[in-house]
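Secondary and tertiary structure notes
Chain by chain, the residues run as shown.
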Amino acid sequence: MGRKYLLPLMTIAVLLLSTACKSENTINMETDNVPDLFGDIGTSYRTLVEEHPAAIIYTQNDGLPDAAAVSLYDPDMEYSYFLFGTQYFLFEDLSEPEKAELKCAGIVTTVGALFSLNGDKMEIADFFSSQGISDYRYYTEDADSTLQGWITFSYRNMNGLMNTNSGDTVTEQPVTAIKGTYPVLIISNHIEKQNLDIIDAHEQERFVNIEGE
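Keep in mind that what you see is a predicted model, and the values were worked out from it rather than measured.

1. Looking at the overall build of the chain
In terms of regular secondary structure, the chain is built from 6 helices and 10 strands. Each of the 213 residues in the chain was classed as buried or not, and the buried ones make up 50%. Taking as baseline every contact in the chain between residues at least 6 positions apart, the subset at least 24 positions apart corresponds to 63%. Accessible surface, the chain as shown: approximately 10,800 Å² in total, 47% of it carbon and sulfur.

2. Overview of the side chain of Asn165
Tracing the backbone shows Asn165 in the loop between strand E8 (158-163) and strand E9 (177-179). Filtering out sequence-adjacent residues up to four positions away, Asn165 remains in contact with Gln148, Gly149, Trp150, Val170 and Thr171.

3. Thoughts on the environment of Thr164
Residue position: Thr164 is located in the loop between E8 and E9. Under the relative-accessibility criterion, Thr164 is labelled buried at 4%. Each C-alpha atom, one on Thr164 and one on Gln148, is 9.1 Å from the other, the two residues being 16 residues apart in sequence. In contact with Thr164, not counting residues within four places along its chain, are Tyr138, Gly149, Ile151, Thr171, Val175 and Tyr182. In this structure the side chain of Thr164 is engaged in a polar contact, spanning 2.5 Å, whose partner is the backbone oxygen of Gly149.

4. A look at the pattern of salt bridges
A side chain of one charge can pair with a side chain of the opposite charge if their charged atoms are brought near each other. Counting across every chain of the model gives 2 salt bridges. One salt bridge in this structure joins Glu96 and Lys99, with 3.3 Å as the shortest N-O distance. With Glu96 and Lys99 both in helix H3 (residues 96-101) and 3 residues apart, the pair spans about one turn of that helix. Among the ionic pairs, Lys193 bridges to Asp197, the shortest N-O distance being 3.3 Å. Taken together, the positions of Lys193 and Asp197, both in helix H6 (residues 189-212) and 4 residues apart, correspond to about one turn of that helix.

5. A few points about the packing of aromatic side chains
Per the stated rule, a full pass over the model turns up 10 aromatic pairs. Taken together, the aromatic side chains of Phe38, Phe115, Phe127, Phe128, Tyr136, Phe153 and Tyr155 make up a single cluster linked through ring pairs.

6. Considerations on empty space enclosed by the protein
Enumeration over the complete set of coordinates arrives at 2 cavities of 30 Å³ or more. If you go around the largest cavity, the residues you meet are Gln60, Asp62, Gly63, Ala69, Val108, Trp150, Leu161, Asn163, Pro183, Val184 and Leu185. Listing elements by their share of the lining of the largest cavity, those giving two or more residues are strand E1 (56-64), E8 and strand E10 (183-187). Here the lining of the largest cavity is built from residues that sort into 7 nonpolar, 3 polar and 1 charged. Considering only enclosed or pocket space, the second largest cavity measures out at about 40 Å³ in volume.

7. So, the sheet that holds E10
Spatial strand order, E1-E2-E3-E4-E10-E8-E7-E6: 8 strands in an open sheet with antiparallel pairing. On the outer flanks of this sheet lie E1 and strand E6 (136-138), each paired with one strand and no other. Each neighbouring strand pair of the sheet contributes to a mean axis angle of 25°, computed without reference to strand direction. Direction of pairing for strand E7 (residues 150-155) relative to E8: antiparallel, over a ladder of 6 bridges. Residue Tyr155 lies in a different strand from E8, and its bridge partner there is Met158.

8. Quick look at the pairing of strand E3 (residues 80-86)
The buried fraction of E3 amounts to 7 of the 7 residues, a majority that puts the element mostly inside the structure. In this structure, the hairpin formed by strand E2 (residues 67-73) and E3 is closed by a connection of 6 residues. With 3 bridges joining them, E3 and strand E4 (residues 106-110) adopt antiparallel strand pairing. When the bridges of E4 are listed, Phe82 appears paired with Gly106.

9. Some points on the environment of Asp93
Note on placement: Asp93 falls in the loop between E3 and H3. On the basis of relative accessible area, Asp93 is assigned to the partly exposed category, the value being 42%. Taking the C-alpha atoms as reference points, Asp93 and Glu203, separated by 110 residues in sequence, lie 9.6 Å from one another.

Calculation notes
Residues numbered from 1 in each chain as written. Predicted model: local features only at pLDDT ≥ 70, side-chain atom pairs only at ≥ 80, totals over all residues. Heavy atoms only, no water. Helix = DSSP H or I, 4+ residues; strand = E, 2+ residues; numbered from the N terminus. Buried < 20%, exposed > 50% of the residue type's maximum accessible area, 1.4 Å probe, protein only. Contact = heavy atoms within 4.5 Å. Areas by Shrake-Rupley, 256 points an atom, 1.4 Å probe, with all protein chains shown as cover. Polar contact = N/O pair within 3.5 Å; in protein donor to acceptor, adjacent residues only side chain to side chain. Salt bridge = Lys/Arg side-chain N within 4 Å of Asp/Glu carboxyl O. Phe/Tyr/Trp six-rings, centres within 6.5 Å; stacked < 30°, edge-to-face > 60°. 1 Å grid on protein atoms, 1.4 Å probe; cavity = no way out; pocket = protein on both sides within 12 Å on 5 of 7 lines; lining within 4 Å. Points joined across faces, edges and corners; volume = space filled by probe spheres on them. Nonpolar A, V, L, I, M, F, W, Y, C, P; charged D, E, K, R; others polar. Pairing = 2+ DSSP bridges. Axes fitted to C-alpha atoms, helices over the stretch in contact; angles between N-to-C directions.

Next comes the structure, spelled out in structure tokens:
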């Protein structure tokens, strides 16, 4: 049962990005020239909670294609710490020791907060060229409906997702420019997989206990 539950999550958040964007998912803050905020990727949930006592768990229903993004959100910051993607699993179902094992697997923010824009918006090709990103794909109406309106891309040895839709409403016409308000998610797939493994183990134990009753 645990594997049956996790397959769609890993398909969306891990397998999809791994095929769309070729990255090693290994971050070296000294050599990879990544923004300072990415230094918290790999930090334990417990440490982040201690450093951000006002932070809360926030589940963004349209945070991933066909899934929600569960993050640790501090209202004083322009970004939140991504933990895992889910279709129906609740963070609150984890025990405190299980929560403590989770790590920050990425960053959830907006294009404008992460990248420099020349104005309020930029043509898609110009935007990615200005960021030194050549490996990206925009999924239009001809794509699988799950991905329509999303852009996947490689970024500093990590994988990115950008949502050009209006919330969970798919944009009818393909966009031609990137806006600073678009949500963007940068993920370290191997760390998210570690978090999903914790959830998988939790679900397996739960179903074993149910079967034993």
